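Below, each chain spelled out in residue letters.
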Amino acid sequence: MSAHDKPDIRRHMERLTAEGVDVVRVTYPDLIGTDRARDVLVDHLPAACEHGLAFCRAVYHTTPQGDVVPVPGGLDAGLPDVTVRPDLSTLTALPWEPGVATCLGEVTDPATGAPAPESPRDLLRTVLAHCAEQGLRPIVGPELEYFLLEQTAAGWRRHPETTGAVYTAGLRADPANHLLRTLRHLRDLGIGVITGNHEFDGGQYEINLTHSDALDAADRSFRFKAAVKELARRDGLLATFMAKPFGDAGGSGFHLHLSCDDAEGSNAFDDPAGAHGLSAVARHAIAGIVAHAPALAALLNPTVNSYKRFGPDTLAPWLIDWGLDNRSAMVRIPPERGSGARLELRLGDASANPYLAIAATLAAALLGIRAGEEPPPPLEGYGYDTARSALLPTDLSAALDALEADTDLAGLLGKDFTTSYLTYKRNEVERFQRHVTDWEFTEYAYHL
């Protein structure tokens, strides 16, 4: 039976045609979480499902400036293909693009049929399989911040530049109603948007997504970031999830709320009789995240720019610690217990690839659970005291070294993936170190 005759594909085609959809955008994340895609005419959807769409594997090794990093399996192998097949279970119409639907793509090696080594979605699946062996089903709630920018003759500036409007909504902080339009489009996209508000700095917004199974949460976070950027472009604006785009403003975070269901479907992090109302599983998970935090930074803070978000008095982490309902800690335990018992990892910034951020966090938590480790005492009071807790890596190079040295975490993530990621990101560091910045010219050129 050809793909065209398979009932499920035929059913999808009939529905799409009835809804006036004639194009399906098949999209998947590259190594840094940017969406890669191809538009497929509906008549050709069966062939795309059966034979797949060919992409060069080096798309995973391509920098934002279009250069190909010499990662093993790319340039050295003659730039071979990967195959991307539509995952029709994720098919949904694009509310702002009449006649277009979108779905995620499954990326495989055409020679073996196995997942592509750098596929972020499949890396998360691998970590989730290890969690299942422990009888745990991770639940994740993502929170993402971003800046909205407009281009002027002098360059990009925040849109609007309103300050002092944290936790506000309406025209005072959003005079063009960007947030309202975005929320409604995202609702219609079906990715589980809950709330949105203006954040601390001018042009900065936060939108929260509902919690769900970890893979679904990663899928929705990936689609959310791509959608927000696309919607901004429709308005002639730029939405950026860069960690810290302006020196005089705060950064944008990617906070992860994590809990786990046990085999009976109960929250495995809750225990009224346990210390702080937390179970041993929760404490061990916290201990694992704290123990592996330096290596986690390489994946949750993945750019040279990421480390400019850190620092004392920023409400971004600076030290490796945890606390009870304490927003100055790297790991915060919100006050809810029972079914709402969870931890909030505040380490990540908005530039992180959602699949890699969630996979790494789960891997670290799982290592702590397996080892039965206990965390240090929780932070009390306002944090940022280096006498009490160790410092996180202060730059990307140090974080990458920590990831390479953390053989337990790297082992769970897989040798092939870790090698590719380290090679790709160390190339980024090398390129930055060779680049002459505006700051250097301003600082030195006139006086030296």
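So, here's what we can say about the structure. (Residues numbered from 1 in each chain as written. Predicted model: local features only at pLDDT ≥ 70, side-chain atom pairs only at ≥ 80, totals over all residues. Heavy atoms only, no water.)

**Considering the packing of aromatic side chains**
Inspection of every chain in the model, using the stated rule, returns 11 aromatic pairs. Relative to Phe-310, the ring of Tyr-307 has its centre 5.5 Å away and its plane inclined at 85°; by these criteria the two rings are edge-to-face. Of the two residues, Tyr-307 and Phe-310, neither departs from the other in class, the shared state being buried. Here the aromatic rings of Tyr-382 and Tyr-384 are separated by 5.3 Å at their centres, their planes lie at 70°, and the arrangement is edge-to-face. Judged by its relative accessible area of 47%, Tyr-382 falls in the partly exposed class. (Phe/Tyr/Trp six-rings, centres within 6.5 Å; stacked < 30°, edge-to-face > 60°. Buried < 20%, exposed > 50% of the residue type's maximum accessible area, 1.4 Å probe, protein only.)

**Structural notes on unusual backbone geometry**
The peptide bond linking His-159 to Pro-160 adopts the cis configuration, its omega dihedral lying at -5°. Position of Pro-160 relative to the elements: it lies in the loop between strand 7 (155-158) and helix 4 (178-189). One non-glycine residue, Tyr-167, lies in the positive phi region at around 55°. Tracing the sequence through the fold places Tyr-167 in the loop between strand 7 and helix 4. The phi dihedral of Asn-177 is positive, around 60°, even though this residue is not glycine. (Helix = DSSP H or I, 4+ residues; strand = E, 2+ residues; numbered from the N terminus.)

**Let's talk about the pattern of salt bridges**
When their charged atoms lie close together, side chains carrying opposite charge are able to pair. A full pass over the atoms with the stated rule returns 25 salt bridges. When the shortest N-O distance is used, the salt bridge between Arg-426 and Glu-404 registers 2.9 Å. Taken as a pair, Arg-426 in helix 11 (residues 415-434) and Glu-404 in helix 9 (residues 396-405) lie far apart in primary sequence, 22 residues in all. Look at Arg-426 and you get partly exposed, because its relative accessible area is 24%. Since its relative accessible area comes to 45%, Glu-404 is described here as partly exposed. One salt bridge in this structure joins Lys-425 and Glu-428, with 2.7 Å as the shortest N-O distance. Remark: Glu-428 and Lys-425 occur in helix 11; sequence separation between them is 3 residues, near one turn of the helix. Judged by relative accessible area, Lys-425 falls into the buried class, the value being 3%. Glu-428 gets classed as buried once you look at its relative accessible area, which sits at 15%. One connected set of salt bridges, linked through shared partners, spans Asp-87, Glu-106, Arg-121, Asp-122, Arg-125 and Asp-219. (Salt bridge = Lys/Arg side-chain N within 4 Å of Asp/Glu carboxyl O.)

**Some points on a nonpolar patch on the surface**
Nonpolar side chains collect at one region of the surface, where Val-68, Leu-75 and Leu-79 lie side by side and expose about 220 Å² of accessible area between them. Note on placement: Leu-75 falls in the loop between strand 3 (53-56) and strand 4 (81-93). (Patch = residues over 30% accessible without salt bridge, like charges linked within 9 Å, V, L, I, M, F, W, Y side chains within 5 Å. Areas by Shrake-Rupley, 256 points an atom, 1.4 Å probe, with all protein chains shown as cover.)

**Looking at the sheet that holds strand 5 (residues 100-108)**
Across the sheet, which stays open at both edges, the 5 strands sit in the order 2-1-5-4-3 with mixed pairing between neighbours. Only two strands of the sheet have a single partner each, and these edge strands are strand 2 (35-41) and strand 3. Here the average twist between neighbouring strands, direction ignored, is 40°. Here strand 1 (residues 23-29) pairs with strand 2 via 7 bridges, running antiparallel. Paired with Thr-27 across the two strands is Ala-37, which belongs to strand 2. With respect to the sheet, helix 1 (residues 7-18) is in contact with strand 1, strand 4 and strand 5, its orientation differing from that of strand 4 by roughly 55°. Across the sheet, helix 3 (residues 120-133) touches strand 1, strand 4 and strand 5, and the angle it forms with strand 5 is around 65°. (Pairing = 2+ DSSP bridges. Axes fitted to C-alpha atoms, helices over the stretch in contact; angles between N-to-C directions. Contact = heavy atoms within 4.5 Å.)

**Description of the pairing of strand 5**
Among the 9 residues in strand 5, 8 count as buried, and that is most of the element. Note that strand 4 and strand 5 share 7 bridges and pair antiparallel. The residue of strand 5 that forms the bridge with Thr-83 is Thr-108. The loop that links strand 4 with its antiparallel partner strand 5 comprises 6 residues; one of these, Gly-99, has a positive phi angle of about 85°.

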